[in-house]
Amino acid sequence: MKANTLTFIQTKLKEELTVLSRKPLSEATDEELYLALLTYVQQRSESKKETVKGRKLYYISAEFLIGKLLSNNLINLGLYDDVRAVLADAGKDLAALEELEQEPSLGNGGLGRLAACFLDSLATLDLPGDGIGLRYHCGLFHQNFRDNLQNETPDYWLSGADWAERTNIAYPVTLAGTTYLARLYRLAVTGYGGRTNTLNLFDLDTVDESVIKEGISFDKRNTPQNLTLFLYPDDSDDDGRLLRIYQQYLMVSAGAQLILDECEARGCNLHDLADYAAIQINDTHPSMVIPELIRLLTEKGVAFEEAVQIVTDTCAYTNHTILAEALEKWPRSYLEQVVPQLLPIIERLDALARTRTDDPKTAIIDESGQIHMAHMDIHFTHSTNGVAALHTEILKNSELNHFYRLYPEKFNNKTNGITFRRWLLECNPKLTALIGELIGDGFKKDASELEKLLAFEHDKNVLDKIAQIKKENKLALSDWLQHRQGVTLNTDAVFAIQSKRLHEYKRQQLNLLYLIHQYFEIKAGHLLCTPLVSIFGAKAAPAYTIAKDIIHALLTLSEVVSADPEVSKWLQIVFVENYNVTAAEKMIPACDISEQISLASKEASGTGNMKFMLNGALTLGTMDGANVEIAERVGGDNIYIFGQSSSQVIDRYAKGDYCAKDWYESDPNIRRAIDFLTGPQMQKYGCMENLSRLRNELIGKDWFQTLPDFNAYLVRKNQAIADYTYNASDWNRRALINIAKAGFFSSDRTIAEYNEEIWHLG
Ligand code: 26Q
């Protein structure tokens, strides 16, 4: 582009960036330009901050998986195209600058990413809502593969320029008798239109990355140096569990002080706190905010009973899991050691709850002295919500039924959502442009407008364009993978992707058994109708042995397949290393078949399922979590549902009569696939210890009932591949229907529901 064709805005922008980078743009390095853009975005977003008059939300969460911020902020501020043009004019490439940014991986998976999507929607909807969390020095570990095994190394994301600004604000927090200063960092959250809100992240000045030893190990007892060093990937040992309590209390105590400070500065007299603040507790990790706020209020002269009422009116709780083992409960001795100041309050809350019911299942402190965080949340907040319709029903009818009977009015559902700014506009610009040409740009603010795409259901030209964009996105993914891990994809193949944390209930092992089965079929001359590229992205908690064994089996199988020219023509298995938000943004737009194959009743919602659908993939899934609502919206012809229903699964657990061995013995396909795990081909590239442990687990236990769903999965998946092959134009039509029906899954809708029914902001 010639300078004289630059618009006025672009000329101004060029001048400002030149000043900030202190050189003519064409002479500035990419690093200098990145810093200049960071500063420019910070200035622009600052000007969109608003003073708050009414009720303000504090979304408190141990995780905010925000992903890279440069492009996201440029899009939200409406600067993306101009910045790209100005840089291009100077011979610079915005994509190269994006590469320089370290991704802040301050979350494990869905729960953390949801918090990030919610912040985007709050700002976009012009609602007053800030986040409160921790500034981990290392985000979720970096995963790399060696000898087909997962290795973990620290993720030093703070090494470059980062977006969070250090403040002079610090709050005292007493942990195990020692007082620390929790330093506040502020990160601007831009809305698409709307306003700028703040993500408040706390840290200690004394944290020291040099205490990290081999891999991701460190001295877990050196609190001043390690407190915010790592985001916790698991809770597998006692020292780690204690450190987790340290982290949680640092976050909630500093957070509660910040909330009270801000509210008092706005004229709140503490008795009316609930008129100034709404606090959303993201799972049980921030639950100690309840006793901490009561402690602070009573210290400031509010009577205990009133403080309890104020906190109940202010706080609401979101449950993200029905896995009993994931509901946090802490031995009383842990809390006595770390936060003795909370114990008398928790005891009074326990006693108060016992005046409401004598049902021991709802006790906060149980007879063995365990403290149940979720129980405290339900008793002492005014709202408990699940994250998809099925999940909320299961909570009400089984897992939390005792509470539901006590407080039916507190229970409500808020089906999760995703921000379309990141998961469509940013990650799939070509599809975004096509949609804009067809129905205008209204869908960017009002996702329900995507339904207008239905008018093009039979327009061959549009359907061809959708297919063409998918192909280009496959090529882009292949290039990216070639650059990153030396793998080139067969872009003529159908792409099936399963990307999410590695967990047995998510059943990557079911996909594994399918792939082994196909290996045998191809060897026997029963070819697939189209080559299949099966892509995985998943991190396993470092101490989760079976999850790591599943990764090992998939990596080993991938080698077996690629070494066999007969099979590799038809099948390619690719495990993307270090799956994170940045990788997801490349993978999701390239997908044809979205694998959402959790055991029905176990996945609370899932949000990846929504991202894939929005980008035109068809779901292959069980009737679990939000898949149920996706199926409801797109209709049975536009999704591949298989497997046991949640009620069948729940019944089977209740009866306790599932026996994996019976399935292994009676189904030759299942037996052949499981036995292959320890057969000679796998032995050649894999480790017998891992592979036989996995085989034994599948035959001897299979707690998440992979085997009963195996045949249904095989049939449905092959049906999907056949439809993709033999009826391409109909496939593209169904992809369009998925995109058109994705509007409901915008986090703008979710946040509007939270606001109308729980928060009442502004
Ligand atoms: C607990 C104790 C100690 C250490 C770690 C943890 C811990 C950490 C993270 C427990 C749970 C998590 C994360 C849970 C999570 O991501 N849940 C997912 O939440 C999504 C958003 O609601 C849902 O879509 C997914 O279905 C749900 O699995």
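Details of the structure are given in the entry above.
Residues numbered from 1 in each chain as written. Predicted model: local features only at pLDDT ≥ 70, side-chain atom pairs only at ≥ 80, totals over all residues. Heavy atoms only, no water.

Draft legend 1. A look at the pairing of strand β3 (residues 142-146). Because side chains alternate across β3, one face comprises the buried residues Q143 and F145, and the other comprises H142, N144 and R146, none of which is buried. Bridge count between β3 and strand β4 (residues 149-153): five bridges; the pairing is antiparallel. Its bridge partner being in β4, N144 is matched across the sheet by N151. A loop of two residues connects β3 with β4, the two strands running antiparallel in sequence, and D147 in this loop sits at a positive phi of about 55°. (Buried < 20%, exposed > 50% of the residue type's maximum accessible area, 1.4 Å probe, protein only. Helix = DSSP H or I, 4+ residues; strand = E, 2+ residues; numbered from the N terminus. Pairing = 2+ DSSP bridges.)

Draft legend 2. Representation of the pairing of strand β17 (residues 593-596). Of the two faces of β17, the one holding I593 and E595 and the one holding S594 and Q596 are both buried throughout. Here two bridges tie strand β14 (residues 494-499) to β17, and the two strands are oriented parallel to one another. Across the sheet, the residue bridging to I497 is S594, located in β17. Relative to strand β18 (residues 618-621), β17 is paired through four bridges, and the arrangement is parallel. By the bridge assignment, I593 is partnered in β18 with L618. In this fold, β17 hands off to helix α24 (residues 608-614), which returns the chain to β18; that crossover is right-handed. (Right-handed = clockwise from strand over helix to strand, strands pointing away.)

Draft legend 3. Geometry of the site of the ligand. Taken together, 18 residues lie around the ligand, and L111, H320, N416, E603 and G606 are the ones closest in. In the model, an oxygen atom of the ligand is placed 2.9 Å from a nitrogen or oxygen of the N416 side chain. Here an oxygen atom of the ligand sits 3.2 Å away from a polar atom, N or O, in the side chain of Y505. For the ligand, the accessible surface in isolation is 610 Å², of which the surrounding protein chains cover 84%. In terms of residue count, the dominant contributor to the shell around the ligand is helix α6 (residues 110-124) (three residues). (Near = heavy atom within 4 Å. Polar contact = N/O pair within 3.5 Å; in protein donor to acceptor, adjacent residues only side chain to side chain. Areas by Shrake-Rupley, 256 points an atom, 1.4 Å probe, with all protein chains shown as cover.)

Draft legend 4. Just empty space enclosed by the protein, in detail. Counted under the stated rule, the structure contains seven cavities of 30 Å³ or more. In this structure, the largest cavity encloses a volume near 140 Å³. Breaking the lining of the largest cavity down by element, the ones donating at least two residues are α3 (70-76), α6 and β6 (178-190). For the lining of the largest cavity, the per-class residue count stands at seven nonpolar, four polar and three charged. (1 Å grid on protein atoms, 1.4 Å probe; cavity = no way out; pocket = protein on both sides within 12 Å on 5 of 7 lines; lining within 4 Å. Points joined across faces, edges and corners; volume = space filled by probe spheres on them. Nonpolar A, V, L, I, M, F, W, Y, C, P; charged D, E, K, R; others polar.)

Read these as layout, nothing more, since geometry by itself doesn't imply function.
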